[in-house]
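# Tertiary structure, described
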Amino acid sequence: MSDLVVELFPTKAAWLAARRDPLAIGASEAAAVLGVSPYMDSWALWELKQSQAAKASVPVDERDLVALSRGNRWEPVVLAEYAAESEGTIVEPGEHFGRKGHTVTISNRAFPWLRESPDAFAIDKHGVLGHVEAKTSMDRDAWTQGRGTVVERWTDGSEELIPPHYAVQAYVQLAVTCLPWNDVCVLVPSGGWLEVRWLRLMRDEETQGQIVETLTEWRERHLVGGEPPSVDGSEACNRYLARRFTAVKKREERVATPEEAAKIRGLAELRATGNSAEVRAKVLANELVVSAGEHRVVLEKGGPFGQTQSTGGRTTIDAKKLEASFPDAYAACIRTGAPSVTFATYGFKDK
């Protein structure tokens, strides 16, 4: 590990503060760049890094914080079960580097901006030191069905053994640490209880090299260069556009380019189709509520089904009355959401 740069932090707060580097990419963030993360797209990552550069704050989803905290609480359980089943010896990262109880961040001198924080290391029954990553998941079918499955190199079908975003994280960890293997352990529901499964991703220079190359290019272009990612339909992209294109009272008119004309017609058509589909769906739903009543209606035994489900009325606040009657409380509780922008179409007739 002579090429490694190791940072040790006595508290989680110190570790989190050090993570706010606008030019660094963490192992858990790499999947967003590659477009395989279910939690964050490249625009959201870029927005996060931009806010870090400006020392501003980005709204955090409270559900993500709850999930992270829950994962940290289950981590010792996952590691203990893995150690017992694999006959490996868990090595606490801080202790491995001489500071037991400290949180560790590792980077490599070959690409110092790429960083990872190991959950644990392990010495297997052959005496070889490797990396260990602990996860929890409610989707047991997204993971290997066995314990100790070995993936020598990433090929088609490997995504059936481990979710791709976790595989990207694990390969980044191998690229950074230069360790020979990474055991990704997951706690999943099974048979009415819980079990730990794991698979071993072996060091794969080709796959790791492709990932690091993609991350390097994206970082240089979008973090170092500051260029926004390509426009897409993400909320983060829309927030950026809303800040850039503010309301204009009077607009100069010009003829659309052929490409713009095709997009405008397509947008209007999609909206018209969506509106009619939504209306039709509401009609069908109400008709089925009447005909099905209190029954569960199956298309075939053990197959798809439908049933009536009701919810209570949504609780709302009369904002105008609150402001008039309790202006101080209204002022203390008022909150402005993130800006947004859209492209309106006019003059199109329904077909």
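The structure we're discussing is the one just above.
Residues numbered from 1 in each chain as written. Predicted model: local features only at pLDDT ≥ 70, side-chain atom pairs only at ≥ 80, totals over all residues. Heavy atoms only, no water.

## So, the nonpolar core
In this structure, Leu114, Trp143, Ile162, Val172 and Leu215 are the most contacted members of the largest nonpolar core, which totals 46 residues. Of the residues forming this core, the biggest block, 9 residues, is contributed by helix α6 (residues 164-177). One finds Val78, Leu79, Ala122 and Ala134 within the second-largest nonpolar core, a separate group that totals 12 residues. (Core = buried A, V, L, I, M, F, W, Y, C linked by side-chain atoms within 4.5 Å. Buried < 20%, exposed > 50% of the residue type's maximum accessible area, 1.4 Å probe, protein only. Helix = DSSP H or I, 4+ residues; strand = E, 2+ residues; numbered from the N terminus.)

## Overview of unusual backbone geometry
Unlike most non-glycine residues, Glu87 shows phi in positive territory, near 65 degrees. Tracing the chain through its elements places Glu87 in the loop between α4 (62-86) and β3 (89-91). Look at Cys178: it is not a glycine, yet its phi comes out positive at around 65 degrees. Tracing the backbone through its elements, the reader meets Cys178 in the loop between α6 and β9 (181-190). For Cys178, a relative accessible area of 39% gives the class partly exposed.

## Brief notes about the environment of Val188
With respect to the helices and strands, the residue Val188 is situated in strand β9. In this structure the C-alpha to C-alpha distance between Val188 and Thr336, which are 148 residues apart in sequence, comes to 39 Å. If near-sequence neighbours (up to four positions away) are discounted, Val188 is found in contact with Ser137, Arg140, Trp143, Trp193, Leu194, Glu195 and Arg197. (Contact = heavy atoms within 4.5 Å.)

## Quick notes on the environment of Glu235
Mapped onto the elements of the fold, Glu235 is located in helix α8 (residues 235-244). Along the chain, Glu235 and Glu159 lie 76 residues apart, while their C-alpha atoms are 27 Å from each other.

## Things to note about the sheet that holds β3
Spatial strand order, β3-β6-β7-β9-β10-β8: 6 strands in an open sheet with mixed pairing. Since the sheet does not close on itself, it has two edges, and those belong to β3 and β8 (147-151), each with one partner. The mean inter-strand angle of the sheet, taken between neighbouring strand axes irrespective of direction, is 30 degrees. One ladder, built from 3 bridges, connects β3 with strand β6 (residues 120-123); its direction is antiparallel. In the strand pairing of β6, Thr89 is matched with Ile123. (Pairing = 2+ DSSP bridges. Axes fitted to C-alpha atoms, helices over the stretch in contact; angles between N-to-C directions.)

## Observations concerning the sheet that holds strand β2 (residues 25-26)
Taken together, the 4 strands give an open sheet; going across it, the order is β1-β4-β5-β2, and neighbouring strands pair in mixed fashion. Of all the strands in the sheet, just β1 (4-9) and β2 have a single pairing partner and so form its edges. Across 2 bridges, the pairing between β2 and strand β5 (residues 111-116) is parallel. Along β5, the bridge assignment pairs Ile25 with Leu114. Lying on the sheet, helix α7 (residues 205-224) is in contact with β2 and β5; it crosses β5 at an angle near 110 degrees.

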